[in-house]
Amino acid sequence: MLGKTEIIKKAMEIGFCDIGFTGIEPFTSQLQILQERSDLYHWTLEKGMDLQKGADPTTAMPEAKTLIVVLDNYYQSAFPSSMVGKFGRCYLDDDRVTRDGLAIRIKQLRSYLRENGIQSTVPAFLPHRLAAARAGLGGFGKNCLFYAGRAVRQSSWVLPVAILIDHEFTADPPSVEVNCPKWCRNACISACPTGALISPNKIDPRRCISYLSYYGEGLTPLELREPMGMWVYGCDRCQNVCPRNEPWLAQELPENNKVNAKASSFDLIQLLHMDREYFKRYIKPHMFYMSSHDLWRWKMNVARVMGNSHDRNYAGNLILAYRENDDERVRAMIAWALGQLGGAEALLALQDFAHDADGLLKDEIDLALTKFIA
Ligand code: SF4
Ligand code: SF4
């Protein structure tokens, strides 16, 4: 029978940066938060995430006796500069479809356990971050993110993975606490551009750019377009400004050649003009929260980013994309983006578009045209 020491050794050999053990008691604090903040989380059920059920580990494996939590550092190498600041780092090498990275490591660890008589499962909706803290692997920041306690220079660039097993091991001392230094004056809360961080340790996920970029309903409201800035999919801002992440960010990291190889597929101009075939081939395997029916949202996000870039070189492609698309939400955002960019080319196009537009689109074009009034 395996001991904890052997499992820890194997996990580190495989490439995880830390590992801890905890019991299978329900995560009552998670249940309490879900109940108290039901208005902020009701959408999770609509998206097929049963977080209430996930808070009781035994629903995923009735015979479970221990939760093993491993930490994966998803930021071990430098990502291409063309993607950083537009796509959240945790999505740049996300292998949940391709199964060619973290999935292999999890499989290796589970195979090792199985070969030694231990059955396991990886429940999808268990609170993995809370499980990691309960397993003594670190604590939280006021930005609601998990921070490693020992690994990765105590930064937040980790993905905790909780694995339920049917054997009993002693639990490690928990570390469920907020470890922010007193001298940090809530930099994350001040920096959150959409006000998603309501107060320390309280987030409205529906206002988070990550949520808005892949689940946002309809045309992005006017007041959020500039704050959402250059983010196409996801957001790292509250991690980038956090002093607890500075030691990791200050390093010179080797280039991530795997992500470099796909960077050109995520070029903004390619995304603005992509069709379903392109999406399925180059984008969906890596960023899959939106389906091929949501291409309008991808294009709307890209048009917003181009508008926020203040780079008039994008005007021609935005004008072309307006003509390629009949989706009102995409066209409306393109009109807004052209208004942000300004210049003679954008003005002429908007005046032309105004002839055939009505309703919401006409309102957006008229609004964009007001930007040209000196
Ligand atoms: S990820 Fe971005 S939008 Fe979301 S809470 Fe952090 S700073 Fe705010
Ligand atoms: S920015 Fe400051 S308050 Fe926010 S998580 Fe980091 S240390 Fe904590």
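Conventions adopted
Residues numbered from 1 in each chain as written. Chains lettered and ligands numbered in written order. Predicted model: local features only at pLDDT ≥ 70, side-chain atom pairs only at ≥ 80, totals over all residues. Heavy atoms only, no water. Helix = DSSP H or I, 4+ residues; strand = E, 2+ residues; numbered from the N terminus. Rg over C-alpha atoms; globule rule 2.2 N^0.38 Å. Buried < 20%, exposed > 50% of the residue type's maximum accessible area, 1.4 Å probe, protein only. Contact = heavy atoms within 4.5 Å. Areas by Shrake-Rupley, 256 points an atom, 1.4 Å probe, with all protein chains shown as cover. 1 Å grid on protein atoms, 1.4 Å probe; cavity = no way out; pocket = protein on both sides within 12 Å on 5 of 7 lines; lining within 4 Å. Points joined across faces, edges and corners; volume = space filled by probe spheres on them. Nonpolar A, V, L, I, M, F, W, Y, C, P; charged D, E, K, R; others polar. Near = heavy atom within 4 Å. Sits in = over half its atoms within 2 Å of the grid points. Axes fitted to C-alpha atoms, helices over the stretch in contact; angles between N-to-C directions. Parallel < 35°, antiparallel > 145°, perpendicular 65-115°, else oblique. Pairing = 2+ DSSP bridges. Core = buried A, V, L, I, M, F, W, Y, C linked by side-chain atoms within 4.5 Å. Polar contact = N/O pair within 3.5 Å; in protein donor to acceptor, adjacent residues only side chain to side chain.

The next subject is the overall build of the protein chain. A count of helical and extended segments in the protein chain gives 21 helices and eight strands. Its C-alpha atoms give the protein chain a radius of gyration of 23 Å, near enough to 21 Å, the size a compact globule of 374 residues would have. Counting only C-alpha atoms, the protein chain reaches 75 × 40 × 40 Å along its principal axes. The proportion of buried residues among the 374 residues of the protein chain is 55%. Taking as baseline every contact in the protein chain between residues at least 6 positions apart, the subset at least 24 positions apart corresponds to 76%. In the form shown here, the protein chain has an accessible surface area of approximately 17,300 Å², with 50% of it arising from carbon and sulfur atoms.

What follows concerns the layout of surface pockets. Taken as a whole, the second largest pocket encloses approximately 180 Å³ of empty space. Surrounding the second largest pocket, 13 residues form its lining, R206, L212, G216, P221 and L224 being those nearest its centre. Residue assignment for the lining of the second largest pocket shows that the elements contributing at least two residues are α10 (209-215) and α11 (222-225). No other element matches the three residues that α10 contributes to the lining of the second largest pocket. By residue class, the composition of the lining of the second largest pocket is six nonpolar, three polar and four charged.

Let us look at the environment of C208. As for its placement among the helices and strands, C208 is situated in the loop between β8 (202-203) and α10. With 13 residues separating them in the primary sequence, C208 and G195 have C-alpha atoms 7.7 Å apart. C208 has contacts with T194, A196 and I203, leaving out every residue within four places of it along the chain.

This part covers the site of ligand 2. Contacts to ligand 2 come from 13 residues, most closely from K142, C180, C184, C188 and C242. Here ligand 2 is seated within the largest cavity. Looking at the shell around ligand 2 residue by residue, the classes come out as eight nonpolar, three polar and two charged.

Around ligand 1 sit C192, P193, T194, A196, L197, I203, C208, I209, C235, R237 and C238, and those are all the residues in its vicinity. In terms of residue class, the shell around ligand 1 is built from nine nonpolar, one polar and one charged.

Let's shift gears to empty space enclosed by the protein. In total, this model carries one cavity of 30 Å³ or more according to the counting rule given. Around the largest cavity sit 13 residues that line it, and C180, C184, C188, C242 and P243 are the ones nearest its centre.

Further remarks concern the packing of helix α19 (residues 328-341) against helix α21 (residues 359-370). Helix-helix packing: each pair is described by the crossing angle between the helix axes and the interaxial distance. Orientation of α19 relative to α21, taken along the N-to-C sense of each, is 5°, at an axis distance of 8 Å. What the angle tells us is that α19 and α21 run roughly parallel. Every residue of α21 that contacts α19 at E328, R331, A332, A335, W336 and G339 is listed here: L360, L361, E364, I365 and A368. Class assignment of the residues belonging to the contact of α19 with α21 gives a composition of seven nonpolar, one polar and three charged.

A few words now on the pairing of strand β2 (residues 66-73). With eight of eight residues buried, β2 is to be regarded as a mostly interior element. Alternating positions in β2 separate into two faces, T66, I68, V70 and D72 on one and L67, V69, L71 and N73 on the other, with burial throughout. With five bridges joining them, strand β1 (residues 18-22) and β2 adopt antiparallel strand pairing. Looking at β2, one finds that T22 is bridged to L67. In this sheet, strand β6 (residues 158-165) lies alongside β2 in antiparallel orientation, the contact comprising eight bridges.

What follows covers the nonpolar core. Taken as a class, soluble globular proteins show a tendency for nonpolar side chains to be buried jointly. With 109 residues, the main nonpolar core has F87, Y233, M287, W298, L318, L338 and I365 as its most contacted residues. For this core, the element with the highest residue contribution is α19, accounting for nine residues. Ignoring sequence-local partners within four residues, the contact set of L338 consists of A315, L318, I319, A346, L350, F353 and F372. Core analysis: the next-biggest nonpolar cluster, separate from the first, contains 19 residues, A11, I14, V70 and I165 among them.

With that out of the way, let us pick up the side chain of S175. Position of S175 among the secondary structure elements: in the loop between β6 and α9 (187-191). Since its relative accessible area comes to 15%, S175 is described here as buried. Among the polar contacts listed, one links the side chain of S175 to the backbone oxygen of G138, at a separation of 2.7 Å. For S175, the residues in contact, after removing those within four places along its chain, are A133, G136, L137, G138 and G139.

In short, the description is geometric, and any link to function would need to be established separately.
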